[in-house]
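Inside the fold
Chain residues, written in single-letter form:
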Amino acid sequence: MALKKNKQFRWQRKHLLGLRELNAEEITYILDTAKGFEQISTRAVKKAPPLRGKLVVNLFFEDSTRTRNSFTLAASRLSADIIEFTKKTSSVSKGETLLDTAKNLEAMGIDIVVIRHTAGGVPKFLSRSINACVVNAGDGFCEHPTQGLLDVYTIRKIKGTLEGLKIAIVGDIAHSRVARSDMWAMTKLGAEVIFVGPPTLIPAQVNRLPVSVSYSLDEVIEKVDVINMLRIQFERLGGNPFPSIREYSHYFGLTVERMKKAKPDILVMHPGPINRGLEMESEVADGANSVILQQVTNGVAVRMAVLFLVNQAAAQSH
Ligand code: CP
């Protein structure tokens with residue numbers, strides 16, 4: 001499925017809500033744009049002017065280390081002004097609604113809203129309610145598109161292409177927006193994706209998704225080129241999806257012992273934050289095959305590309 005370069009292609013979306021709705025050409029265009037931005041972060045003066053005079057708000061209703069700071073850095077590198085909003089220190093704690101919050105921020109002249117929310121569908125709702133560009137920074141179990149983009153960017157940068165690669169996404173798939181965005185981006189770019197986990201952590205209607213499923217990490221580990229270990233999302237688990245943490249680690253943890261069966265050039269990924277010793281041993285997280293911190297570095301360039309492109313599309317639509 002070699003993608004032909006289309007010189008006429010023009011990015012037209014003023015919102016980035018998810019990767020499900022993007023085609024391979026659009027995803028590739030974001031990755032190529034990010035590649036162009038990557039060198040800005042290595043300059044002595046780490047700034048470029050494309051968003052000068054634009055106002056970006058980080059509207060986070062859920063905690064974040066990587067995504068939030070990465071968006072802040074990306075906006076700053078493109079010379080935008082940034083408002084940092086947190087639920088705890090805002091009037092949301094006094095009962096103000098999401099829509100009123102967004103409308104009030106819009107009245108201050110924001111151009112781009114980067115939103116993270118516990119409820120799926122909030123970014124889409126917001127995109128229909130305000131004029132600013134909306135970028136999804138993670139909504140419920142639904143999507144985390146910039147994580148999906150930075151993951152495929154990292155794989156493409158190291159392996160050259162995703163076409164023909166076998167990728168295992170392991171662990172708490174059911175509660176993972178990262179798994180969903182990764183799945184869409186990876187399969188659209190030609191990779192084969194295998195969801196691996198206990199039956200209780202695999203989504204109910206997985207047969208409708210473009211993936212295969214395995215309940216045995218030991219059967220999959222030797223076949224894959226990339227393994228993406230997901231965090232067990234204790235804050236979202238209902239009931240007891242596995243008998244004990246020790247048992248989960250035994251069957252689904254990425255251990256030094258298990259890594260002996262993997263291809264020598266396997267890429268080990270994790271979106272963070274890691275539960276060290278649970279889904280992955282520290283020796284693996286910090287080992288030679290790990291690209292976890294490269295994912296974080298690449299996230300800045302990818303988010304610069306996203307902010308740049310949505311702003312450009314908004315300017316063209318006026
Ligand atoms: N990967 C990710 O979304 O991490 P944060 O929750 O720290 O943003």
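Residues numbered from 1 in each chain as written. Predicted model: local features only at pLDDT ≥ 70, side-chain atom pairs only at ≥ 80, totals over all residues. Heavy atoms only, no water.

**Some details on the pairing of strand 6 (residues 192–196)**
- Across the five residues of strand 6, four count as buried, placing the element largely inside the fold.
- Pairing of strand 5 (residues 166–170) with strand 6 involves five bridges; the strand directions are parallel. Note that in strand 6 the partner of A168 across the bridge is I194.
- Following the backbone out of strand 5, through helix 6 (residues 177–188) and into the adjacent parallel strand 6, one traces a crossover that is right-handed.
- Bridge count between strand 6 and strand 7 (residues 212–214): three bridges; the pairing is parallel. Paired with V196 across the two strands is S214, which belongs to strand 7. (Buried < 20%, exposed > 50% of the residue type's maximum accessible area, 1.4 Å probe, protein only. Helix = DSSP H or I, 4+ residues; strand = E, 2+ residues; numbered from the N terminus. Pairing = 2+ DSSP bridges. Right-handed = clockwise from strand over helix to strand, strands pointing away.)

**Regarding the packing of helix 5 (residues 145–159) against helix 11 (residues 292–317)**
- At their nearest, the axes of helix 5 and helix 11 sit 8 Å apart, and the two run at 115° to each other. In terms of crossing hand, the pair formed by helix 5 and helix 11 is right-handed. Within the contact between the two elements, helix 5 uses T146, Q147, L149, L150, D151, Y153, T154, K157 and I158 and helix 11 uses Q294, Q295, N298, G299, V302, R303 and V306.
- Residues that form the contact of helix 5 with helix 11 fall into these classes: six nonpolar, seven polar and three charged. (Axes fitted to C-alpha atoms, helices over the stretch in contact; angles between N-to-C directions. Left-handed = near helix turned anticlockwise from the far one by under 90°. Contact = heavy atoms within 4.5 Å. Nonpolar A, V, L, I, M, F, W, Y, C, P; charged D, E, K, R; others polar.)

**Notes on the packing of aromatic side chains**
- All told, the structure shown has four aromatic pairs when counted by the stated rule.
- Measuring from ring centre to ring centre gives 5.3 Å for F37 and F308, while their planes differ by 75°; the resulting arrangement is edge-to-face. Placement of the pair is F37 in helix 1 (residues 24–38) and F308 in helix 11, with a sequence separation of 271 residues.
- Seen in terms of ring centroids, Y248 and F252 are 5.6 Å apart; in terms of plane orientation they differ by 35°. Their pairing is tilted. Pair noted here: Y248 and F252 are both in helix 8 (residues 245–252), with a separation of four residues, about one helical turn.
- For Y248, a relative accessible area of 2% corresponds to the buried category. (Phe/Tyr/Trp six-rings, centres within 6.5 Å; stacked < 30°, edge-to-face > 60°.)

**A short note on the domain arrangement of the protein**
- Taken as a whole, the protein is organised into domain 1 (24–142 + 299–317) and domain 2 (145–296).
- The C-alpha-based centres of domain 1 and domain 2 are spaced at 26 Å.
- Between domain 1 and domain 2, the residue contacts involve 28 residues of the former and 23 residues of the latter.
- Both faces combined, the contact of domain 1 with domain 2 buries some 2100 Å², and carbon together with sulfur accounts for 59% of it.
- Linking domain 1 with domain 2 are three salt bridges, by the criterion used here.
- Among the salt bridges present, the one from R156 reaches D32, with a minimum N-O distance of 2.9 Å. (Domains from an automatic or database assignment. Buried area = accessible area lost by both parts, 1.4 Å probe. Salt bridge = Lys/Arg side-chain N within 4 Å of Asp/Glu carboxyl O.)

**Observations regarding the sheet that holds strand 8 (residues 226–229)**
- Read across the open sheet, the five strands follow the order 7-6-5-8-9; overall the sheet is parallel. Bordering the open sheet on either side are strand 7 and strand 9 (267–269), each of which pairs with just one other strand. Averaged over all neighbouring strand pairs, the angle between strand axes comes to 20°, with direction disregarded.
- The sheet contact formed by strand 8 and strand 9 spans three bridges and is parallel.

**Comments concerning the site of the ligand**
- In the vicinity of the ligand, the contacting residues are S64, T65, R66, T67, R116, H144, Q147, P271 and G272.
- In the model, a nitrogen atom of the ligand is placed 3.0 Å from a nitrogen or oxygen of the Q147 side chain.
- Burial of the ligand by the protein chains amounts to 92% of its free accessible area of 250 Å².
- The residue makeup of the shell around the ligand, split by class, is one nonpolar, six polar and two charged. (Near = heavy atom within 4 Å. Polar contact = N/O pair within 3.5 Å; in protein donor to acceptor, adjacent residues only side chain to side chain. Areas by Shrake-Rupley, 256 points an atom, 1.4 Å probe, with all protein chains shown as cover.)

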